[in-house]
Amino acid sequence: MTNNNNASWNDFNDAESQSGSFDLIPKGTIVPVRMTIRPGGYDDPAQGWTGGYASESFETGSVYLSCEYVVLSGEYAKRKVWSLIGLHSRKGPTWGQMGRSYIRAVLNSARNVHPKDNSPQAAAARRIQGFADLDGIEFLARIDIEKDGRGDDRNVIHVAIEPDHPQYAKLMGVPTKASGGGTSGAPAQVAPAYQAPDPQRAPVTGKPSWAQ
């Protein structure tokens, strides 16, 4: 069988020029994203870290989730951003606390729960059965810029946009909420397709959906 494409991988003069802009997404841009976790194979069942989603740094011993974000729509659709979510650091609890705060905000954003809502429905929406529940989650995020290991600027995501943000309702296509008051806050209006976890469901194990 004759392969007429051999020349394509020897002579690149007729290859199309690179297209698309590689400029950074401006700092502060708010975009809808889908987050996937790149599994690192590190588990610690005592912490609830199962399924091989977490990663451990051989240099520092820190534990984190290595996340890839894909912008879903708008001017920067299909652009990708990579960031880490801290789970544990030998230097102290701060990094892990920041990671927990960020995941809380991600769940609020994805499930349309006001950050001041303390109702039972809101509490249920902020629980996960495992990191598999975060793999493929969609929410609003704010783009930031920081230096990489070589000193070059790169886009990162460290902030999820929650329902108390003035642009949340419009960008997510959901009704605007009031903040509410007292201990119950605003009533939880969970985003479409979300249901409170079934406590009888078996623990999540195995590879995330994108890695299968």
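Throughout, a residue's number is its position along its own chain's written sequence, starting from 1. Two thresholds apply to this predicted model, a pLDDT of at least 70 for residue-level local features and 80 or more for giving and counting side-chain atom pairs, whereas whole-chain, interface and lining totals are computed over all residues. As a rule here, side-chain values come from all non-hydrogen atoms in the structure, and water together with hydrogens is ignored.

### Quick word on the layout of surface pockets
Cavity means a closed set of points on a 1 Å grid over the protein atoms alone, one where a 1.4 Å probe fits but cannot get out, pocket means an open set with protein on both sides within 12 Å along at least 5 of 7 lines, and lining means a residue has an atom within 4 Å of a point. Grid points are joined across faces, edges and corners, and a volume is the space filled by probe spheres set on the points. Considering only enclosed or pocket space, the largest pocket measures out at about 410 Å³ in volume. Residue lining of the largest pocket: 15 residues in total, with Trp-49, Leu-87, Arg-100, Ile-103 and Phe-131 positioned closest to the centre. No other element matches the six residues that helix α1 (residues 94-111) contributes to the lining of the largest pocket. Polarity classes work like this: nonpolar for Ala, Val, Leu, Ile, Met, Phe, Trp, Tyr, Cys and Pro, charged for Asp, Glu, Lys and Arg, and polar for all others, with Gly in that last group. Residues of the lining of the largest pocket, tallied by class, amount to six nonpolar, five polar and four charged. A run of H or I in DSSP becomes a helix once it reaches four residues, and a run of E becomes a strand once it reaches two; helices and strands are each numbered from the N terminus.

### Points about the packing of aromatic side chains
The criterion for an aromatic pair is that two Phe, Tyr or Trp rings (for Trp, the six-membered ring) have centres within 6.5 Å, with stacked assigned to planes under 30 degrees apart, edge-to-face to planes over 60 apart and tilted to the rest. This model, assessed by the stated rule, comprises four aromatic pairs. Measuring from centroid to centroid gives 6.5 Å for Tyr-42 and Trp-49, while their planes differ by 50°, and the two rings are tilted. Summary of the burial criterion: residues with accessible area below 20% of their type's maximum are buried, those above 50% are exposed, and those between are partly exposed, where the area comes from a 1.4 Å probe applied to protein chains only. Judged by relative accessible area, which is 22%, Tyr-42 ranks as partly exposed. Judged by its relative accessible area of 10%, Trp-49 falls in the buried class. On the basis of an interplanar angle of 80° and a centroid distance of 6.2 Å, the ring pair of Tyr-69 and Phe-139 is categorised as edge-to-face. Of this pair, Tyr-69 sits in strand β4 (residues 63-71) while Phe-139 sits in strand β6 (residues 137-147), placing them 70 residues apart in sequence. Neither Tyr-69 nor Phe-139 differs from the other in exposure class; each is buried.

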